Number of protein chains: 2
Amino acid sequence: MKNHTIIFDNPVSISATTTIAGPKEGEGPLHKYFHNIIKDDLLGQKSYELAEIKMHIYAIRNLLNNAHLTQEDIDCIFSGDLLDEIIGSNYTMREYDIPFFGLYNACATFGEALIMGATMISNGVMERVICSTTSHFSTAERQYRNPLELGSQRPPVAQWTVTGAGCSLLSSKENSKIKITSATIGRVVDYGVTDANNMGSAMAPAAMDTIITHLKDTNRDLDYYDLILTGDLGQAGVRMLTKLMKEKNYDLNITNYDDCGVLIFNTEFQKTEQGGSGAACSNLVFNSYIYKQLKLGKLKKVLLVPTGALVSKISSLQGESIPAIAHAIAIEVM
Amino acid sequence: MKNHTIIFDNPVSISATTTIAGPKEGEGPLHKYFHNIIKDDLLGQKSYELAEIKMHIYAIRNLLNNAHLTQEDIDCIFSGDLLDEIIGSNYTMREYDIPFFGLYNACATFGEALIMGATMISNGVMERVICSTTSHFSTAERQYRNPLELGSQRPPVAQWTVTGAGCSLLSSKENSKIKITSATIGRVVDYGVTDANNMGSAMAPAAMDTIITHLKDTNRDLDYYDLILTGDLGQAGVRMLTKLMKEKNYDLNITNYDDCGVLIFNTEFQKTEQGGSGAACSNLVFNSYIYKQLKLGKLKKVLLVPTGALVSKISSLQGESIPAIAHAIAIEVM
C-alpha cells in the first residue's frame with residue numbers, strides 16, 4: 001500500500017459481468033449494452049423491496065450461468081445496497097450458500113466491493129469472488145425522501161436512483177485481459193452541503209480528494225487514463241468536480257472525463273433532472289457499456305470512481321450535512 | 001482459503017484494544033474490565049445518534065493515544081454499526097482522515113471487520129488497521145422496535161442492545177502475542193423465525209453453521225479451544241445453539257462455551273431479559289475482558305463467533321423471517 005492506494009502486484013481479472021436494468025434505464029442511451037432489461041419494476045412481487053431482492057438473486061444466478069459456474073465455485077460475495085440494514089443483499093444471500101460480507105458505502109459500495117474482492121484474489125486468499133450491488137428508484141425514494149404516493153415535485157438538482165442489479169466476477173481461474181491494477185480507498189469528506197436532494201454537490205469534493213490522492217500515489221497525470229469515470233455525480237456534480245479540480249490545477253476539460261449518472265439517462269427526454277445515482281449506477285454502467293469498450297479495446301485504461309453520499313433519513317431530518325466518500329479503481333487492458 | 005476458512009499464514013497481532021461502555025454496561029459483571037464507562041448515555045448531545053457518534057470518535061482517539069499513534073499511522077478503518085445507512089460510522093469518519101470501508105453484518109459486523117483487517121495485515125497489503133463498531137440501546141430500540149417514549153413492555157425473549165464503542169488495532173508493526181490465526185466467513189442462514197424480539201433463536205442456527213464449518217475446515221474438535229464465545233445469542237439463544245449442536249453430535253456442555261450477550265449483563269438484577277446484543281456486544285466483551293484473559297495467559301485459544309440478525313424495520317413490518325449470519329475468528333496466544 002502506498003499512502004491510500006493498493007497496487008495489485010498480481011493484477012486481478014474481471015472475468016465476467018452481468019447486469020439487469022430497470023424499465024427506465026432500459027429506455028436510456030445504454031439500453032443495447034445491458035444484459036437484461038426488466039419490463040415491470042415490481043417484477044410481479046408484492047413490494048418494491050422484494051422486487052429489488054429478486055433482481056439481485058437473478059443477477060447472481062445469471063452471472064453463474066454465463067460463467068458456467070455453480071455457487072460452490074465462489075469463495076465469497078461482497079455485496080451491498082441502499083436499503084436500511086442492506087436488507088436487499090441480506091435476503092438475496094439467504095438464497096445462496098456462499099460466504100457473505102455485507103458492505104455499505106452508499107453509491108460507492110460497488111467500488112468498495114471491487115477493492116475488497118481484488119485484494120482477496122490478488123493475494124491468493126480466494127480464487128473467485130462476486131462483487132454485486134443493487135438499487136431501486138421506488139425503494140430509495142420512499143426511504144430517503146417521500147412516500148411515492150405523495151407525488152412530490154422533484155427539485156432541479158435532484159438525481160434519479162437507478163433501478164438495477166449487477167455483478168462482476170473476479171477470478172484467478174478464468175483469465176481475462178481486463179484487470180484491476182490498483183485502487184485508492186476513499187476517506188470521508190464533508191463540505192457542509194445539507195440539501196438531501198443535492199447529492200452531486202455533496203459527493204464532488206470526495207471524488208476530487210480520491211482522484212488527486214490516486215494520481216499522487218501512483219505518480220500519474222490525468223491523461224494516463226483514456227477515461228476517468230465518476231459514479232454518481234450527475235450534471236451539477238460534474239460541473240462542481242470540474243471546477244474544484246481546476247482550482248487544484250487538474251483540468252478535467254482536456255481529459256476524457258465522464259460520469260455514470262450522466263451516461264445512463266438522457267436527462268432531457270427522460271426527466272431525470274441531473275441524471276442517475278444509486279448503488280447500481282456505476283455498477284450497471286461499468287459492467288455493461290464500459291466492460292464492452294474494454295473488451296473491444298476501445299478503452300484501455302479506465303479509472304472508475306464510484307461516489308457515495310453517506311446520509312440517512314434520520315441524519316437529514318436532524319439537519320446534518322452530507323458526508324461523502326469515493327473510491328478509485330484502475331482497470332486496464334493487459 | 002480452505003472451504004470457508006482463511007488460514008493466516010502470517011498470524012495477525014491484535015496490538016491494542018479500547019472500549020467505552022454505557023452506564024448500564026458499566027454496572028454489569030464486566031465493569032472492571034472496560035477502559036472507560038460513560039455516566040450519561042446522551043454524552044451531552046442533542047440526540048442518541050449524536051451520542052453514539054461521539055462514543056465512536058472517542059474510542060478511536062483513545063486507541064490512537066494508548067498506542068502512541070496518530071491517524072497518519074493507520075492505513076484503513078473497517079467500521080460499522082446498527083444505524084440505518086451506518087451513519088454512526090459515516091459521521092465518525094468525517095472527523096478522521098483515514099481511508100474507510102463501511103461494513104454491515106448487523107451484530108456480526110465486528111467479526112467481519114476483524115476478518116477483513118486481518119487479511120490486509122497478514123498479506124502485507126496494510127501495516128495497521130482499526131476495526132471498530134458501536135451500538136446504542138436508545139438508537140437501536142427506536143429504530144428497530146418502538147419509540148422510547150411509548151414505554152413498551154419488553155417480551156421475555158427480548159435482548160438488550162449494548163451501549164458502547166470499541167476498537168481493535170491490528171498491526172504488523174507492533175507485535176503482540178495475541179494473534180488472529182484463522183477465520184471462517186459465515187453464510188446467511190434462515191430458519192424462519194419471524195419474531196423481531198426473538199433474535200437469539202434466529203441467530204443460533206447461523207452460529208451452529210459457522211462453528212461446525214470452522215471445525216471441519218480446520219480439522220479441529222470443540223476442545224481445541226479453551227473458550228468458544230458466541231456474540232449475541234443471549235440465554236435463550238445459548239440453549240437453542242446447545243440443542244442444535246447436540247443434534248449434530250457436538251456437545252457444547254462439555255466444552256468451555258459462553259456468550260458475550262450473557263456475560264455482559266447480570267440479566268436477573270439488570271432486567272435485560274435474555275442478555276445483551278448489538279454491534280458493540282462482542283466488541284466490548286472481547287476488547288476488554290477476553291483480551292485481558294489472553295494477555296494474562298488465562299485463555300490461550302479462543303474462537304470468537306459474533307452473530308448478526310439481518311433484519312430492518314421494513315422487513316419486520318413486511319412479515320419477513322429473520323436471516324442471520326455468524327463469523328468465526330480464531331484468536332490464539334503464540
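Calculation notes
- Residues numbered from 1 in each chain as written.
- Chains lettered and ligands numbered in written order.
- Predicted model: local features only at pLDDT ≥ 70, side-chain atom pairs only at ≥ 80, totals over all residues.
- Heavy atoms only, no water.
- Domains from an automatic or database assignment.
- Contact = heavy atoms within 4.5 Å.
- Buried area = accessible area lost by both parts, 1.4 Å probe.
- Salt bridge = Lys/Arg side-chain N within 4 Å of Asp/Glu carboxyl O.
- Polar contact = N/O pair within 3.5 Å; in protein donor to acceptor, adjacent residues only side chain to side chain.
- Helix = DSSP H or I, 4+ residues; strand = E, 2+ residues; numbered from the N terminus.
- Nonpolar A, V, L, I, M, F, W, Y, C, P; charged D, E, K, R; others polar.
- Core = buried A, V, L, I, M, F, W, Y, C linked by side-chain atoms within 4.5 Å.
- Buried < 20%, exposed > 50% of the residue type's maximum accessible area, 1.4 Å probe, protein only.
- Least-squares fit on C-alpha atoms with pLDDT ≥ 70 in both.
- Phe/Tyr/Trp six-rings, centres within 6.5 Å; stacked < 30°, edge-to-face > 60°.
- pLDDT = per-residue confidence, 0-100.

All names here are of chain A. Considered domain by domain, chain A is made up of domain 1 (5-171) and domain 2 (178-333). When each unit is reduced to the centre of its C-alpha atoms, the spacing between domain 1 and domain 2 is 18 Å. With 61 residues of domain 1 at the contact, the number on the domain 2 side is 62 residues. Both sides of the domain 1 and domain 2 interface together cover about 4,800 Å² of buried area, and 62% of this is carbon and sulfur. Taken together, the links from domain 1 to domain 2 amount to one salt bridge. A salt bridge links Arg154 to Glu273, with the shortest nitrogen-to-oxygen separation between them at 3.0 Å. Taken together, the connections running from domain 1 to domain 2 amount to 27 residue pairs in polar contact (both at pLDDT 80 or more). Among the elements of the structure, strand 1 (5-21), helix 3 (109-122), strand 5 (128-135), helix 4 (137-145), strand 6 (160-161) and strand 7 (164-171) are those that each provide at least two residues to the side of domain 1 that touches domain 2. The greatest single-element share of the side of domain 1 that touches domain 2, amounting to 15 residues, is contributed by strand 1. The residue makeup of the side of domain 1 that touches domain 2, split by class, is 32 nonpolar, 22 polar and seven charged.

To continue, consider the nonpolar core. In terms of nonpolar packing, the biggest core is built from 139 residues, with Ile130(A), Leu241(A), Met245(A), Ile130(B), Leu241(B) and Met245(B) touching the most fellow members. Contact partners of Met245(A), with chain neighbours within four places excluded, come to Met208(A), Ile211(A), Ile212(A), Leu222(A), Tyr250(A) and Leu252(A).

On to the interface of chain A and chain B. The interface is formed by 58 residues belonging to chain A together with 57 residues belonging to chain B. Counting the surface chain A buries against chain B, the share from its top three residues, Glu85(A), Arg94(A) and Phe101(A), is 15%. Residues Arg94(A) and Asp190(B) are paired through a salt bridge, measuring 2.7 Å at the closest nitrogen-oxygen approach. The interface formed by chain A and chain B contains 28 residue pairs in polar contact (both at pLDDT 80 or more). Elements represented by at least two residues in the side of chain A that touches chain B include exactly helix 1 (48-66), strand 3 (76-81), helix 2 (87-93), strand 4 (100-102), helix 3, helix 4 and helix 10 (313-317) of chain A. The dominant element in the side of chain A that touches chain B, judged by the number of residues it contributes, is helix 3 of chain A, at five residues. Considering only residue class, the side of chain A that touches chain B consists of 32 nonpolar, 14 polar and twelve charged.

Take the relation of the copies chain A and chain B next. The transform that puts chain A on chain B rotates by 180° and translates by 0.0 Å along the axis, for an RMSD of 0.0 Å. Read as a symmetry element, the transformation amounts to a two-fold axis.

So, on to the pattern of salt bridges. Enumeration according to the criterion identifies 28 salt bridges over all chains in this entry. As a salt-bridge pair, Arg94(A) and Glu320(B) come within 3.2 Å of each other at their nearest N and O atoms. With Arg94(A) in the loop between helix 2 and strand 4 and Glu320(B) in the loop between helix 10 (313-317) and strand 14 (324-326), this residue pair bridges two chains. On the basis of relative accessible area, Arg94(A) is assigned to the partly exposed category, the value being 24%. Note that Arg145(B) is salt-bridged to Glu141(B), the shortest N-O span being 3.3 Å. One end of the pair, Arg145(B), and the other, Glu141(B), are both in helix 4 (residues 137-145), four residues apart, so they sit about a helical turn from each other. Among the residues examined, Arg145(B) registers a relative accessible area of 14% and is labelled buried. Under the relative-accessibility criterion, Glu141(B) is labelled buried at 10%. Salt bridges here are not isolated pairs; linked through shared partners, they connect Arg94(A), Glu95(A), Asp190(B) and Glu320(B).

Moving on: the packing of aromatic side chains. In total, this model carries twelve aromatic pairs over all chains according to the counting rule given. Ring centres of Tyr224(A) and Tyr225(A) lie 5.0 Å apart, and the angle between their planes is 80°; on these two criteria the pair is classed as edge-to-face. For Tyr225(A), a relative accessible area of 3% gives the class buried. Seen from their ring centres, Phe78(B) and Phe101(B) are 5.6 Å apart, and the 40° between their planes marks the pair as tilted. You can see Phe78(B) sitting in strand 3 (residues 76-81) and its partner Phe101(B) sitting in strand 4 (residues 100-102), a full 23 residues away along the chain. Here Phe78(B) and Phe101(B) have matching classes, each one buried. Members of the aromatic cluster, connected to one another through ring pairs, are Phe110(A), Phe286(A) and Tyr291(A).

For chain A, per-residue confidence averages 96 on the pLDDT scale, and 100% of positions sit at 70 or higher. The complex model carries a pTM of 0.98, and its ipTM stands at 0.97.

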